[in-house]
Amino acid sequence: MEYNLADLFESVVDVVPDREALVYVDHPGTGAERRLTYGELDAAANRIAHHLLDSGLKAGEHLGLHLYNGVEYLQTVLAALKARLVPVNVNYRYVEEELVYLYRDADLAALVFDAEFTERVAGALPQTEKLRHLVRVGPVPADAPHLDAVPFAEAEAAGSAERGFGPRSPDDLFIIYTGGTTGMPKGVMWRQEDLFFAGLFGGEPSGQPVRRPGELAERVAKNSPGLTFFPAPPLMHGTSTLTSFVAFNYGQRVAIHRKYTPEDVIRTIEREKVSSVSLVGDAMLRPLIDALRGPLQGADLSSLFSVSSSGAIMSETVRAEFQALAPHVMLLNNFGSSESGSNGRATNDSGPEKGFRLEVNDRTQVVDPVTHEPVAVGEPGRLAQRGHVPLGYYNDPAKTAETFFQKGAERWVLLGDMATVDDHGIVTILGRGSQCINTGGEKVYPEEVEQALKSHPDVYDALVAGVADAKWGNHVAAVVQVRAGAAEPTLEEIQIHCRTKLAGYKIPRQLVITPSIQRSPSGKADYRWAKTVASEAEARPTI
């Protein structure tokens, strides 16, 4: 056996086939749920894998997953891995033009999609000549255009439940497309062995990674069931799929919902005795707080051990609000990316005053982006990671050469995050270099200002962008969603508040109040939207 994700999953199945692996709950209490043991999930994935191979797909071809959360999502990922097809996540919020780009860029040969996306898939299909096999999940809407797609239930029924697959390789690929909030999405190409160690912690997030593939199942056989992992964001967000595989590598249970509804999340935590919830920043944590203060006040969260975030940080203010409601729950700001897997975890003193501070793993450094040498203490540089890193970006050799480099005997990835390191090795994240605002020659990183804004009692959510300015080149603009029932703060009030936490040049010079903050389905910031909103507001004539 190799460090191949399908091989590893099957080794777990073989030692705990009757243990519950997956529970899907649509709305708790409605009866709309599915439960599968490890043996049942394995057989279900085998059926789809055999259908795909019987349909003429070959090892190495790319399979798109254009799906909401559901059993079918994880079943299809496992099927792809078993059949040595390359799974590719598709953002279900994309419109036709964006889908054409992704389908073509990813060279999709097959697509599994939810029926409600039929119209968009039909619109994109004529421009994606390599896409030749479609599998549709769910009933077709009455007014949907005709598509020659195999119903998922038929595909599952036709395929064999047995394994019977050929040998696999640790070099088999897994592609994760980035969200594209700062540009067109890019497909990050991972060898499965590298993803296992960088993104799945080598089978052990809190201890020593396995030293050989067979050790994973040996550890699972000794573990007792009882943990339930609940990835709340969409599975098409790479972190949620990886969280599910972390649970599978433990031989524990995964709970999923079709869509994120705070009240339903809390009911599932109660009902399924969830141990760990993963989400994306304040955009997901704040609604949970609102539900716990309102309709679900007094909910039983006694089983919950941790709430973790990646992709966006949980701000100091919002963390404090949640801890007041659930003081026993550990809040973890994890830090990583599609290009690096895990880099580290925020320190307890991270916040507006000290910044977003990380205890990084031994594979992460802050380096000069040109020389790739470690920077001096206190000097800004770029985060970089070595060892188990991706091969590059699919279909983008120029961006690959810009981001990935060889240093000595090791391969490195240069990440987009600007940072400094102190004499204790603690890394302070300044922000994404691509979002850095240059105002009067000074650099301002949006995340730092957003933390300060979110600590204002009337601010529910906020994004920060740079807007063209005749005097300063750019000025700092705050796009703010006000807390329900609160009065809209004035720019002066925001400035006074921020001056207690930020240097003068970082203070917002413009305030735009918006009904809601636009983010990706996974909760990541949409900075292009924020910049457009702020720029358009600045251009409007004043009365």
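The rules behind each value
- Residues numbered from 1 in each chain as written.
- Predicted model: local features only at pLDDT ≥ 70, side-chain atom pairs only at ≥ 80, totals over all residues.
- Heavy atoms only, no water.
- Helix = DSSP H or I, 4+ residues; strand = E, 2+ residues; numbered from the N terminus.
- Rg over C-alpha atoms; globule rule 2.2 N^0.38 Å.
- Buried < 20%, exposed > 50% of the residue type's maximum accessible area, 1.4 Å probe, protein only.
- Contact = heavy atoms within 4.5 Å.
- Areas by Shrake-Rupley, 256 points an atom, 1.4 Å probe, with all protein chains shown as cover.
- Pairing = 2+ DSSP bridges.
- Axes fitted to C-alpha atoms, helices over the stretch in contact; angles between N-to-C directions.
- Left-handed = near helix turned anticlockwise from the far one by under 90°.
- Nonpolar A, V, L, I, M, F, W, Y, C, P; charged D, E, K, R; others polar.
- Polar contact = N/O pair within 3.5 Å; in protein donor to acceptor, adjacent residues only side chain to side chain.
- Core = buried A, V, L, I, M, F, W, Y, C linked by side-chain atoms within 4.5 Å.
- Expected span 1.5 Å × (residues − 1).
- Patch = residues over 30% accessible without salt bridge, like charges linked within 9 Å, V, L, I, M, F, W, Y side chains within 5 Å.
- Salt bridge = Lys/Arg side-chain N within 4 Å of Asp/Glu carboxyl O.
- Lys, Arg positive; Asp, Glu negative; His and termini not counted.
- Charge placed at Lys NZ, Arg CZ, Asp CG, Glu CD.

Caption draft 1: The arrangement of the overall build of the protein chain in detail. What the protein chain contains, in helices and strands, is 16 helices and 27 strands. Taking 543 residues into account, the globule formula puts the C-alpha radius of gyration at 24 Å, and the protein chain, at 23 Å, falls close to it. Each of the three principal axes of the protein chain carries a C-alpha extent, and together these read 65 × 55 × 50 Å. Within the protein chain, buried positions represent 58% of all 543 residues. Of all intrachain contacts in the protein chain linking residues separated by at least 6 positions in sequence, the fraction that spans at least 24 positions is 67%. As presented, the protein chain carries roughly 22,100 Å² of accessible surface, and 50% of it is formed by carbon and sulfur atoms.

Caption draft 2: Quick peek at the environment of L511. On the secondary structure map, L511 appears in strand β27 (residues 510-513). For the pair formed by L511 and V479, sequence separation is 32 residues and the distance between their alpha carbons is 6.1 Å.

Caption draft 3: Representation of the sheet that holds strand β26 (residues 473-482). An order of β25-β26-β27 is seen for the three strands of this open sheet, with the pairing classed as mixed. Both outer strands of the open sheet, β25 (459-469) and β27, are each paired with one neighbouring strand and no more. The average undirected angle you get between the axes of adjacent strands in this sheet is 25°. In the sheet, β25 pairs with β26 via ten bridges, with the strands oriented antiparallel. Pairing of G466 across the sheet is with V476, part of β26. The sheet contacts of helix α14 (residues 446-454) involve β25 and β26, and relative to β25 the element is tilted by about 140°.

Caption draft 4: Highlighting the environment of A346. The residue A346 is located in strand β15 (residues 341-346) in this model. For the pair A346 and A419, spaced 73 residues apart in the sequence, the C-alpha separation amounts to 13 Å. Those residues in contact with A346, other than ones at most four positions away along the chain, are N333, F356, R357 and L358.

Caption draft 5: Summary view of the packing of helix α2 (residues 38-54) against helix α3 (residues 71-82). Their axes nearest at 8 Å, the elements α2 and α3 cross at an angle of 65°. Crossing angle aside, the handedness with which α2 passes α3 is right-handed. Within the contact between the two elements, α2 uses L41, D42, A44, A45, N46, I48 and A49 and α3 uses Q75, L78, A79 and K82. Partitioned by chemical class, the residues of the contact of α2 with α3 number seven nonpolar, two polar and two charged.

Caption draft 6: Quick look at the side chain of S340. Relative to the assigned elements, S340 resides in the loop between β14 (330-337) and β15. Using a relative accessible area of 0% as the deciding quantity, one classes S340 as buried. For S340, the side chain forms a polar contact with the side chain of N343, separated by 2.9 Å. Ignoring any residue separated from it by four or fewer positions in sequence, one finds S340 in contact with W190, A198, R363, Q385, V413 and L415.

Caption draft 7: Seen up close, the nonpolar core. By size, the foremost hydrophobic cluster in this structure holds 106 residues, and its most contacted members are Y103, L111, F196 and F248. In terms of residues, this core owes the most to one element, α3, which gives eight residues. Contact partners of L111, with chain neighbours within four places excluded, come to L63, G64, L65, H66, V90, Y103, V121, L131, H133, L134 and V135. The next biggest cluster of nonpolar side chains, apart from the first, holds 30 residues, and it includes F230, L279, L304 and L331.

Caption draft 8: Inspection of α3 at higher detail. With twelve residues, α3 extends 16 Å between its outermost C-alpha atoms, agreeing within 8% with the 16 Å of an ideal straight helix rising 1.5 Å per residue. With eleven of its twelve residues buried, α3 lies for the most part within the structure. Three or more residues of α3 are buried, namely V71, Y73, L74, Q75, T76, V77, L78, A79, A80, L81 and K82. Looking at the residues trailing α3, positive phi occurs at R84, about 65°.

Caption draft 9: Here's a closer look at a negative patch on the surface. A cluster of like negative charges, contributed by E96, E97, E98, E119 and D143, occupies part of the molecular surface. At three residues, helix α4 (residues 96-105) tops the list of elements feeding residues into the negative patch. Residue D143 is classed as exposed on the basis of its relative accessible area of 71%.

Caption draft 10: Region of the structure containing helix α9 (residues 238-250). In this model α9 runs 19 Å from its N-terminal to its C-terminal C-alpha over 13 residues, within 8% of the 18 Å that 1.5 Å per residue would give. The element α9 is extensively covered by neighbouring structure, given that twelve of its 13 residues are classed as buried. Restricting attention to buried positions, one finds in α9 the residues G238, S240, T241, L242, T243, S244, F245, V246, A247, F248, N249 and Y250.

Caption draft 11: Structural detail: the pattern of salt bridges. What the rule picks out here adds up to 40 salt bridges. We note a salt bridge from E215 to R211, for which the minimum N-O separation is 3.2 Å. Residue class for R211 comes out exposed when judged on its relative accessible area of 65%. Of the charged contacts, one joins E402 and K399 as a salt bridge, the two residues approaching to 3.2 Å between their closest N and O atoms. Remark: K399 and E402 occur in helix α13 (residues 397-403); sequence separation between them is three residues, near one turn of the helix. The exposure class of K399 is partly exposed, given its relative accessible area of 28%.

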